[in-house]
Amino acid sequence: MRHIISILMENEAGALSRVAGLFSARGYNIESLTVAPTEDPSLSRMTLVTRGTDEIIEQITKQLNKLVDVVKLMDMTDGPHIEREMMLTKVRAEGDRREELKRVSDIFRGRIIDITDKTYTIELTGTGDKLDAFLQVLEPALIIEVVRSGVSGIARGERALKL
């Protein structure tokens, strides 16, 4: 099962490396990883997506909690949450295809953020499924490059990952 684990950790050199090392040493895969400082510059928030049984996820969270840099963590999958991912897609946009690509971008609530005489760069934000669906609609030959941010997530309601 897919799990989104959000980690509040000290904003120090090597913290990311220790988390990644924990996963690699135990043979667990990280599907996506995002990390950035919080409103408190001494703390960073890391959001990682992994897959595993409940037992494996429990093992991962216990091991993460033992890391000295980890202040607090939350498995977002345990409750209602909002998740988003951002994607930049550079596509071939020439002739009649330009209008069609604009229409498809609008349908998915994307924004064309860069235009050249031969390309569009489209910014799209949403769930991973939405981004995957956008890519499936495009002709593979039109796609020049795709960059995805990885999942960012936040719990709904009063539940929060905070000190």
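Located above this text is the structure these notes cover.
Calculation criteria
Residues numbered from 1 in each chain as written. Predicted model: local features only at pLDDT ≥ 70, side-chain atom pairs only at ≥ 80, totals over all residues. Heavy atoms only, no water. Helix = DSSP H or I, 4+ residues; strand = E, 2+ residues; numbered from the N terminus. Contact = heavy atoms within 4.5 Å. Polar contact = N/O pair within 3.5 Å; in protein donor to acceptor, adjacent residues only side chain to side chain. Phe/Tyr/Trp six-rings, centres within 6.5 Å; stacked < 30°, edge-to-face > 60°. Buried < 20%, exposed > 50% of the residue type's maximum accessible area, 1.4 Å probe, protein only.

Caption draft 1: The environment of T38, seen in detail. Considering the arrangement of structural elements, one finds T38 in the loop between β2 (32-37) and β3 (43-51). Beyond its immediate sequence surroundings of up to four residues, T38 is in contact with L8, L43, S44 and R45. For T38, the side chain forms a polar contact with the main-chain oxygen of D40, separated by 3.0 Å.

Caption draft 2: Just the packing of aromatic side chains, in detail. One pass over the structure, following the stated rule, counts two aromatic pairs. Taken together, a centroid distance of 6.3 Å and an interplanar angle of 75° make the contact between F23 and Y28 edge-to-face. Taking relative accessible area as the criterion, F23 reaches 1% and is therefore assigned buried. We classify Y28 as partly exposed; its relative accessible area is 22%. Ring centres of F108 and F134 lie 5.3 Å apart, and the angle between their planes is 75°; this geometry places the pair in the edge-to-face category. Of this pair, F108 sits in the loop between α3 (97-107) and β6 (111-115) while F134 sits in helix α4 (residues 128-137); the two residues are 26 residues apart in sequence, bridging distant segments of the chain.

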